[in-house]
Amino acid sequence: MRQRFPAALLAALTAALLGLLPASGATAAPADPAPAAAPAQLPAEARGDQPYASYWHPGTLLNWDPATDPDARFNRSRVPLRPRVSDPALKANPNARPGEGKVASLVSFAPTSNNPSQGSANPHYYAFGHWQYVDTLVFWGGSASEGLILAPNATVIDAAHRNGVKVYGTVFFPPTAYGGQIQWVRDFTQKNGSRYPVADKLVQVAQHYGFDGWFVNQETAGGDAALATALREQMRYARSLGPVEFMWYDAMTESGSVSWQDALTSANDSFLQEGGRRTSDAMFLDFGWNASGLDSSRTLARGLGRDEHELFAGIDTEANGHQTSVPWSAVFPAGREHVTSLGIYRPEWTYTSSANRADAEAREARFWDGANGDPSNTATSSAWKGLAHYIPESSPVTAKPFVTSFGAGQGDFYHARGVRVSSAGWNNLSLQDVPPTYRWLVTSTSPSGTRLTPSIDHTDAYEGGSSLRLTGQLDGVNTVRLYQTRLPVAADTRLSVVLKTPAAGPTRLRAAISFTDAPTAFTTLDLGATTSAGWERRTLDLSAYSGRTIAQIGLEAAGSVPAYDVRIGQLAVHDGAVDAASAPTGVTVLGSADVSAGRKSLRLAWTPSATGSVRHYEVYRRDADGGRTFLGATPNDAYFVSRLDREGTESTTTLEVEAVSAEYGRSPAATATVPWTDGTGTNLALNRPATASGQCNGAETAAKAVNGTVTGGTTDKWCTTTTAKWLEVDLGSPRALDRFVVRHAAAGGEDAAWNTRDFTVKVRASTADPWTTAVTVTGSTAAVTTHPVSATARHVRLEITRPTQTSDPAARIYEFEAWGP
């Protein structure tokens, strides 16, 4: 993406390109002469390592298969795209124009590589909280050395979809100065008969992971008209497979040259619309646009039969955030129809430039809400009034149940029902609640003009890591508008509020709701007094309003209190009693990695709840004192536990997975057990009789895999090239087993590309019994893999289905160990 940098910033960018700064997205390391055959994966023991977001070059994407990609399961979003509403009568700012300009946000959440699939232990994170002003989020990234095609991770898709925002992955062909190769573009557009194989994969990735489309940025020089035509045909082909959308970046023209137009022109309009054929769904115009260019773009778009608001005039906020110079009147002229939509490049400046979380939140508020922290009042001497000045709020709160605990998607601890179940920091946007529609709208009848201050409080929570807090001098009636909604009221509809006061006593607080037949007129319901300083729930019967539809939800505080302080831990609208989902089943440890002697990381999976609507699953460990500690949560059916610590000398740890329903009912827990060893167990396979499907030569027999050594050279292994590849060991009698260890090619000093990729371990108690699969591994790259089990067996069998990382057909096993007490 073309950028105009001052010298100092250019120097910083150059350092980032050389790998000296933690750059991300397009500003990553320069090209390798030959990119890796697959995304880099850290060595793992039985795939118990950290899963990451997916990225590819065109050639490696063709080899991608979710069935064999060990990280694919962890990158799937389970949150569908929510519909949104935007009532013009409820917009915060009188200047905002509904139904016109939209916002596309190009965000780099982390570098292209090593971007965790499901959050991490860092509580300071870009946990974006102003989804109400965004229509499309582009998961920005890609680099010549890492990968050109970047799929969004599950947490971002989950959060965006919960807020009704579409998510696009990125296809980035960098300039040649940054390692771009025109051959990659040709590889991308290769055709096989009537098919475009890479396009088939783009659609497969989007549909498997659950996101909505792709942002295509082609800035590599050396193309021609035929290549430009192929790109257009490919996008149309992919769209026909649907549903998948494309946004085209204004760089490559129809001649094949890279020439930024800063507008929709006759040189690039075929990338949007070609005659009666729709090529892409939108176009991102480069940053050099002006008023006349946008006016002509609108005229041309209309002439093509397209909405001018499918054009996004780009602004680059990566360096200066809300101090970026923008010709606002050219795109959003005061009092007149929006000329185009707005594309924001790198709004995460609010986070990357911040000193701490509070600073990041203040910068984000300034960026989106304006200088006064009030979207209804954007008056300022600054040219940057905030996006709320132009764009009316949208809301995904369109169906019951609606529950929010004001979770920000990050925290310094984790609470469940007001109880602290973890004191560790975390980020996970999959757990973010729908943020308040209005940040913040408070009216007051105070004679002195004082108003309460709402805030997201990170020091206490009912669920998750944060809550809503109202503080300040209360002197009159304060009305806090929180959510715009479209929630029908039935005879059994209830409004539930969980709150906390510093001490028992009157809350002076009422729930406030309005209805679509009078959306600005609030009806209030008293929340009474508290009986303690802990969390308390108030459940209000809304049956008197049956047949009407809730348009807004807020709070009203009235009275006289010099230092008012109330926390809201949860706000919910649901029908009838709180529903719970059934428990998940079949919790399985897919693999573990020993981080240290007393610490593991784990990949878990389970079968989803058979009944009930599940918001997410929470993962716990059972503690020695009978309590339990929260390890993480996901809407998915698989989760990576980055840290499981052994308590004392415990021999096993019990893991629990429970379903949290859409109404925050909790299921019984499903369990799994993780064994611990002191390194003093016995390798029961050592020097036991071993047989195999074959051997590569007379020296590389099955016995070499159970002789206890890996240091005897390249013949100190079992090797075979047979079609079916198996190694079987007789332990002599049924023995209790707690783990298998397999030492692959690199453990004996051979090339890591020959480490076994896909295999299973099977067990049986006698020759009369059928084989039972105890371990299944796909996509392993490790030299040594460890597989915790709880089994009793006499016969153990290693079956190899993919012997190497390449096409080499030989299986190479230096040791196959079966450990027990």
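Residues numbered from 1 in each chain as written. Predicted model: local features only at pLDDT ≥ 70, side-chain atom pairs only at ≥ 80, totals over all residues. Heavy atoms only, no water.

1. With respect to the overall build of the protein chain
So, point 1. Scanning the protein chain for helices and strands turns up ten helices and 43 strands.
So, point 2. Radius of gyration (C-alpha) of the protein chain: 29 Å, near the 28 Å computed for a compact globule of 821 residues.
So, point 3. Projected onto its principal axes, the C-alpha positions of the protein chain cover 90 × 75 × 50 Å.
So, point 4. For the protein chain, the proportion of contacts with a sequence separation of at least 24, taken over those separated by at least 6, is 76%.
So, point 5. When the accessible surface of the protein chain is split by element, carbon and sulfur atoms take 51% of a total near 28,800 Å².
So, point 6. If the 71 positive side-chain charges of the protein chain are averaged to one point and the 79 negative ones to another, these points end up 2 Å apart. (Helix = DSSP H or I, 4+ residues; strand = E, 2+ residues; numbered from the N terminus. Rg over C-alpha atoms; globule rule 2.2 N^0.38 Å. Contact = heavy atoms within 4.5 Å. Areas by Shrake-Rupley, 256 points an atom, 1.4 Å probe, with all protein chains shown as cover. Lys, Arg positive; Asp, Glu negative; His and termini not counted. Charge placed at Lys NZ, Arg CZ, Asp CG, Glu CD.)

2. Overview of the packing of aromatic side chains
Both the distance between ring centres and the angle between the ring planes are used here to describe each pair of aromatic rings.
So, point 1. Using the criterion set out here, one finds 37 aromatic pairs in the structure.
So, point 2. With a centroid separation of 5.9 Å and 20° between ring planes, the pair formed by Phe109 and Phe139 is classed as stacked. Taken together, the positions of Phe109 in the loop between strand E2 (103-107) and strand E3 (136-139) and Phe139 in strand E3 put the pair 30 residues apart, joining distant regions of the chain.
So, point 3. Directly above the aromatic system of Phe271 lies the positively charged group of Arg232, at a separation of 5.2 Å from the ring centroid.
So, point 4. The side chain of Arg481 reaches across the aromatic face of Tyr438, ending 4.4 Å from its centre. (Phe/Tyr/Trp six-rings, centres within 6.5 Å; stacked < 30°, edge-to-face > 60°. Lys NZ or Arg CZ within 6 Å of the ring centre and 35° of its normal.)

3. A closer look at the state of the cysteines
So, point 1. Inspection of the entire model under this criterion finds one disulfide.
So, point 2. For Cys696, the disulfide goes to Cys719, at an S-S distance of 2.0 Å. With the S-S bond torsion at -60°, the cross-link from Cys696 to Cys719 turns out left-handed. Residue Cys696 is located in the loop between strand E36 (690-692) and strand E37 (718-720), and its partner Cys719 is located in strand E37; the two are separated by 23 residues in the primary sequence. (Disulfide = S-S within 2.5 Å.)

4. Points about the pattern of salt bridges
So, point 1. Across all of its chains, the model carries 55 salt bridges by this definition.
So, point 2. Put simply, Arg739 and Asp738 hold a salt bridge, and the shortest N to O gap is 3.2 Å. Each member of the pair Arg739 and Asp738 is classed as buried.
So, point 3. Taken together, the shared-partner salt bridges connect Glu463, Glu618, Arg622, Arg628, Glu656, Glu658 and Arg666 into one network. (Salt bridge = Lys/Arg side-chain N within 4 Å of Asp/Glu carboxyl O. Buried < 20%, exposed > 50% of the residue type's maximum accessible area, 1.4 Å probe, protein only.)

5. With respect to the environment of Ile344
So, point 1. With respect to the element layout, Ile344 can be found in strand E12 (residues 341-345).
So, point 2. Judged by its relative accessible area of 0%, Ile344 is buried.
So, point 3. For the pair Ile344 and Ser105, spaced 239 residues apart in sequence, the C-alpha separation works out to 4.9 Å.
So, point 4. Once residues lying within four places of it in the same chain are set aside, the contact partners of Ile344 are Val103, Ala104, Ser105, Leu106, Phe284, Ile315, Thr317, Phe367, Trp368 and Leu387.

6. Looking at the pairing of strand E11 (residues 311-316)
So, point 1. The buried fraction of E11 amounts to six of the six residues, a majority that puts the element mostly inside the structure.
So, point 2. Side-chain alternation along E11 places Leu311, Ala313 and Ile315 on one buried face and Phe312, Gly314 and Asp316 on a second face that is also buried.
So, point 3. Of the pairings in the sheet, the one linking strand E10 (residues 282-285) to E11 comprises three bridges and is parallel in character. Within E11, the residue paired with Leu285 across the bridge is Ala313. (Pairing = 2+ DSSP bridges.)

7. Digging into the side chain of Glu750
So, point 1. Topologically, Glu750 is positioned in the loop between strand E38 (725-743) and strand E39 (758-764).
So, point 2. Discounting chain neighbours no more than four positions away, the residues touching Glu750 are Thr714, Lys717, Ala745, Arg812 and Tyr814.

8. Section: the sheet that holds strand E34 (residues 670-675)
So, point 1. Read from one edge to the other, the open sheet built from four strands follows the order E31-E30-E33-E34, with strand pairing classed as antiparallel. Two strands lie at the open edges of the sheet, namely strand E31 (628-634) and E34, each paired on one side alone. On average, adjacent strands in this sheet sit at an angle of 25° to one another, irrespective of strand direction.
So, point 2. Direction of pairing for strand E30 (residues 614-622) relative to strand E33 (residues 652-661): antiparallel, over a ladder of seven bridges. Considered in E33, the bridge of Val614 is made with Ser661. (Axes fitted to C-alpha atoms, helices over the stretch in contact; angles between N-to-C directions.)

9. A few points about the pairing of strand E16 (residues 419-422)
So, point 1. When strand E15 (residues 414-416) meets E16, the two strands line up antiparallel, connected through three bridges. Paired with Ala416 across the bridge in E16 is Val419.
So, point 2. Counting the residues between successive antiparallel strands, the hairpin from E15 to E16 contains two residues, one of them, Arg417, with a positive phi of roughly 55°.

10. Side note on helix H3 (residues 154-162)
Since the α-helix advances by 3.6 residues per turn, residues separated by three or four positions end up pointing in the same direction.
So, point 1. Of all nine residues in H3, nine are buried, a share of seventy percent or more.
So, point 2. Those residues of H3 lying buried are Ala154, Thr155, Val156, Ile157, Asp158, Ala159, Ala160, His161 and Arg162.
So, point 3. Buried positions along H3 lie against E3, strand E5 (166-173), helix H5 (197-209) and E30.
So, point 4. A positive backbone phi angle near 75° is found at Gly164, which sits one or two residues after H3.

11. Some details on the sheet that holds strand E32 (residues 638-645)
So, point 1. The three strands are arranged E28-E29-E32 in an open sheet whose pairing can be described as antiparallel. In the strand order of this sheet, the two ends are held by strand E28 (585-596) and E32, each with one partner. Shown here is a sheet whose adjacent strand axes are inclined to one another by a mean of 20°, direction ignored.
So, point 2. Sheet topology places E28 next to strand E29 (residues 599-607); eight bridges connect them, and they run antiparallel. Considered in E29, the bridge of Gly591 is made with Arg603.

12. What to know about helix H6 (residues 225-241)
So, point 1. For H6, built from 17 residues, the straight-helix expectation of 24 Å at 1.5 Å per residue is met to within 8% by its first-to-last C-alpha distance of 25 Å.
So, point 2. Of the residues making up H6, those classed as buried are Leu227, Ala228, Ala230, Leu231, Arg232, Gln234, Met235, Arg236, Tyr237 and Ala238.
So, point 3. Residues of H6 that are buried make contact with helix H4 (182-188), H5, strand E6 (213-218), strand E7 (245-249), strand E8 (273-274) and strand E9 (277-278).
So, point 4. After H6 finishes, the residue Gly242 shows a positive phi value of roughly 35°. (Expected span 1.5 Å × (residues − 1).)

13. Topic: the side chain of Glu463
So, point 1. In this fold, Glu463 is placed in the loop between strand E19 (453-457) and strand E20 (467-488).
So, point 2. Its relative accessible area of 4% is what places Glu463 among the buried residues.
So, point 3. There is a polar contact of 3.0 Å between the side chain of Glu463 and the side chain of Arg666.
So, point 4. Excluding residues within four positions of it along the chain, Glu463 makes contact with Ser405, His415, Ala416, Arg417, Gln570, Tyr664 and Arg666. (Polar contact = N/O pair within 3.5 Å; in protein donor to acceptor, adjacent residues only side chain to side chain.)

14. Considerations on empty space enclosed by the protein
So, point 1. Tallied over the full model, the rule gives four cavities of 30 Å³ or more.
So, point 2. Forming the boundary of the largest cavity are 13 residues, of which Leu431, Asp433, Glu463, Gly464 and Tyr664 lie nearest the centre.
So, point 3. Residue composition of the lining of the largest cavity, grouped by class: five nonpolar, five polar and three charged. (1 Å grid on protein atoms, 1.4 Å probe; cavity = no way out; pocket = protein on both sides within 12 Å on 5 of 7 lines; lining within 4 Å. Points joined across faces, edges and corners; volume = space filled by probe spheres on them. Nonpolar A, V, L, I, M, F, W, Y, C, P; charged D, E, K, R; others polar.)

15. Some words on the environment of Pro243
So, point 1. Mapped onto the elements, Pro243 comes out in the loop between H6 and E7.
So, point 2. Exposure remark for Pro243: the relative accessible area of 71% places this residue in the exposed category.
So, point 3. Each C-alpha atom of the pair Pro243 and Pro454 lies 40 Å from the other, and the pair is 211 residues apart in sequence.

16. Re the confidence of the model for the protein chain
So, point 1. Mean pLDDT over the protein chain stands at 93; residues scoring 70 or higher make up 94%.
So, point 2. Note that pLDDT drops below 50 for residues 3-46; the model gives that stretch 92 contacts with residues more than four away or on any other chain. (pLDDT = per-residue confidence, 0-100.)

17. Quick look at unusual backbone geometry
So, point 1. Here the bond from Gly242 into Pro243 is cis, since omega is -10°, no more than 30 degrees from zero.
So, point 2. Here the residue pair Lys400 and Pro401 is connected by a cis peptide bond, since its omega of -5° sits within 30 degrees of zero.
So, point 3. Mapped onto the secondary structure, Pro401 falls in the loop between helix H10 (357-368) and strand E13 (402-404).
So, point 4. For Arg508, which is not a glycine, the phi torsion comes out positive at approximately 55°.
So, point 5. Position of Arg508 among the secondary structure elements: in the loop between strand E22 (505-506) and strand E23 (509-515).
So, point 6. Arg508 gets classed as partly exposed once you look at its relative accessible area, which sits at 37%.

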